[in-house]
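Report on the structure
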Amino acid sequence: MARTPTDLVGAQPDPPFEITFDGRSVTALPGQSVAAALWGAGILAWRTTRDGGRPRGAFCGIGQCYDCLATVNGEPNRRACLVPAHPGDAITTQEGHGHDRLGV
Amino acid sequence: MTASVSEPSGLYDLVVVGAGSAGLAGAVIASELGLSVALVDASTQSGGQFYRHPAPALGAVRPEALHHDWSTFSNLRRRLGASGIAHLTGHHVWSLAKEADETWTVHAVTGADGTAKRPVRIRARTLLLATGAYERQLPFPGWTLPGVVGAAGAQAMLKSGLVLPGRRIVVAGSGPLLLAVAASLAAAGARVPTVVEAAGYLRYARTPRALVANPQKAAEALVHGAALLRHRVRVRLRSAVTEVHGTDRVEAVTVTRLDRDWRPVPGTGRRIACDALAVGHGLVPQIELATALGCATRPLPDCTLGLALDGLQETSVRGLWAAGETGGVGGAELAWTEGELAGRAVVARLLGRRSDAGRIAGLQRRRDRMRAFADVMASAHAPGPGWPVWLTDDTDVCRCEEVTVGCVREAVADLGARDARTVKLLTRAGMGWCQGRMCGTAVACLAARDGVAEPPSERRPFAVPVSLSTLAALDEPAEPGGVEAEASSIEGP
């Protein structure tokens, strides 16, 4: 019986690489989305809501719910479940609407 | 920055939006019968949500381990590869427009999440809409906590990213998809203590004719059932997760028995420890590209809206066909059946000849048989009128705008709202990023007079977010040279 999803499909991925989440190193597999890489590291939340400051992460997994918005390499409001992870990507928790530095 | 617009190449006979089962089947048959075809899809790979699979770099030797009927997809994918179809990946279609000369323009933004600064417009003589569906959600206390994920969402992340949201995952909601989700999560190494289904399965037995005509559906259920037995997954019928526990993430859920109207039965709550909850209440047809054009819809037995289609899959707008979940959720086999039917109908229209009358009649019989089963399924799993009883006033209904049940109830009880649109105007429910896709059903139910909810209209002016620079660029002349050409700024007139 498979113990992991990679066992189940017999995955033989290209070599893993590192990205960071709020400065912490996270290992990603080539072909994974940013959200998948974070889930793989046990991280389920990378956004806080605009009004309540509540933590959120991937919910629908297909780009429809926008709960997984993250700041990727300084750019806010990227849908982490769609954006592929690349070596050295810096993912940071997105606070609110992600445009605080604009003062709006 | 000026977002210049590119056009892949001239005027296609047919542009297909969506590369899942329906879109692939439609595109492939139309191309094989002689049409020039572009297949436009948001993903980098064909297959849609049902045949979603890992990127090549993940090196999956057995991608079919997470799929049912993989050979149907691999056949369509092979025919796509052998065809002259322009497969435009990473294209998010935000609008369709019918021009004065009866041709169509498909407007898309590009990139993994549609944020690449290169809008595209594709011109077509006819269109086939095969945009599929997204998951329907009903709120409950704690459903915004990290670790609560869509049931189809958990499966999508598993199929494409080979990851799980936790080790011990409760699967809940309503619909046969839950069995498939639980079976895949368990096969991939998760412990699934229980599947919690709000409906009973007795409703199916009331329509034996549709069951007998679709034995493959019963066989599918048996396959999932056997997998669940093997993984010791318990299925609880007529029950729902009525509360999630945890501070920063899921630690446990409360599962409560429901009466036949989906009202929680007092005193029956049981706490089940878990670190994730995968939840969903079936699927909602994704039809906003068509409704924006005024296409007629039809109410489905599960209180969603599908497109109203004629016998050959054409919508009420001439020249626009639709197939698969856009006409009502019925699964991959129905989707490719309808996709092929639509493709053949387009060929007949454009070339003025029927491709194969026998084949078309066969596809129509197959479609009608499976549509009948889809209606039974939708009816069996429609949300019961009692589900709002499990809400508390501080439960968020709209996840994006953080609008609570209390706010929605105030809009209904004190301010007279009677439909989702009025609630939206009064509370902002459905006004956020997802444009009501996650909360639309719930808001419509909460706003319903006498408990009979009208489906939300599913009308959105833009199917995906579009930047102002993209809209501004619509007045620019289209840049020739195809999507691969480097963007260059075009001076305004």
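Residues numbered from 1 in each chain as written. Chains lettered and ligands numbered in written order. Predicted model: local features only at pLDDT ≥ 70, side-chain atom pairs only at ≥ 80, totals over all residues. Heavy atoms only, no water.

**Observations regarding the overall build of chain A**
The condition that has to hold: Counting from the N terminus, the helices are the DSSP runs of H or I reaching at least four residues and the strands are the DSSP runs of E reaching at least two. Atoms counted for the radius of gyration: C-alpha only. Globule rule: 2.2 Å times the number of residues to the power 0.38. Throughout, a contact is declared for two residues whenever any of their heavy atoms are within 4.5 Å. Note on areas: these come from Shrake-Rupley sampling with a 1.4 Å probe, and a residue is covered only by the protein chains present in the view. Positive charges are assigned to Lys and Arg, negative charges to Asp and Glu, while His and the chain termini are left out of the count. Each charge is placed at NZ for Lys, CZ for Arg, CG for Asp and CD for Glu.
Secondary structure summary: chain A contains two helices and eight strands in total. Secondary structure elements of chain A, listed N to C terminal, follow the sequence α-β-β-α-β-β-β-β-β-β. Taken over C-alpha atoms, the radius of gyration comes to 14 Å for chain A, in line with the 13 Å a tight globule of 104 residues would show. Considering only contacts in chain A between residues 6 or more positions apart, those separated by 24 or more positions represent 36%. Of the roughly 4,400 Å² that chain A leaves accessible, carbon and sulfur atoms contribute 51%. Between the centroid of the 9 positive side chains of chain A and the centroid of its 10 negative side chains there is a distance of 6 Å.

**Re the pattern of salt bridges**
A side chain of one charge can pair with a side chain of the opposite charge when the charged atoms of the two come close. Going by this rule: Within this document, salt bridges are pairs made up of a side-chain nitrogen of Lys or Arg and a carboxyl oxygen of Asp or Glu, the two lying within 4 Å of each other. Buried means the residue's accessible area, taken with a 1.4 Å probe over protein chains only, is under 20% of the maximum for its type, while exposed means over 50%, and partly exposed covers the values in between.
Tallied over the entire structure, the rule returns 24 salt bridges over all chains. In this structure, Arg 460 of chain B and Glu 288 of chain B form a salt bridge, with 2.7 Å as the shortest nitrogen-oxygen distance. With Arg 460 of chain B in the loop between α13 (440–447) and α14 (468–472) and Glu 288 of chain B in helix α8 (residues 288–291), the pair connects residues that are 172 residues apart, well separated along the chain. Overall, Arg 460 of chain B belongs to the buried group, its relative accessible area being 6%. Linking Arg 349 of chain B and Glu 314 of chain B is a salt bridge whose minimum nitrogen-to-oxygen distance equals 2.6 Å. Here Glu 314 of chain B lies in the loop between β18 (305–307) and β19 (320–322) and Arg 349 of chain B lies in helix α9 (residues 332–351), a separation of 35 residues in the sequence. Ionic contacts of the salt-bridge type, sharing partners, join the residues Arg 47, Arg 56 and Asp 67 of chain A together with Asp 396 and Arg 399 of chain B into one network.

**Brief notes about the sheet that holds strand β13 (residues 252–257) of chain B**
All names here are of chain B. Worth spelling out the cut-off: Pairing between two strands is assigned when DSSP locates at least 2 bridges connecting them. Under this scheme, a helix contributes an axis fitted over its contacting stretch, all axes are lines through C-alpha atoms, and angles between N-to-C directions fall in the 0 to 180 degree range.
The three strands lie next to each other as β12-β13-β14, forming an open sheet whose pairing is antiparallel. With one partner strand each, in any of the chains shown, β12 (239–245) and β14 (270–273) form the two edges of the open sheet. Mean inter-strand twist for the sheet, computed between neighbouring axes without regard to direction, equals 30°. Pairing of β12 with β13, which is carried by six bridges, proceeds in the antiparallel orientation.

**What to know about the nonpolar core**
If you look at soluble globular proteins, the nonpolar side chains tend to sit buried side by side. Let me state the cut-off plainly: What we call a nonpolar core is a set of buried Ala, Val, Leu, Ile, Met, Phe, Trp, Tyr and Cys residues that are connected through their side-chain atoms within 4.5 Å.
In terms of nonpolar packing, the biggest core is built from 55 residues, with Trp 46 of chain A together with Val 171 and Leu 185 of chain B touching the most fellow members. The greatest single-element share of this core, amounting to seven residues, is contributed by helix α4 (residues 177–187) of chain B. Here Val 171 of chain B is in contact with Leu 178, Val 181, Ala 182, Leu 185, Val 192, Thr 194, Val 195, Val 196 and Ala 278 of chain B, once residues within four sequence places are set aside. If you look at the next biggest cluster of nonpolar residues, it comprises 54 residues, including Phe 140, Val 279, Trp 387 and Trp 390 of chain B.

Without other data, these values stay purely geometric and don't point to any function.
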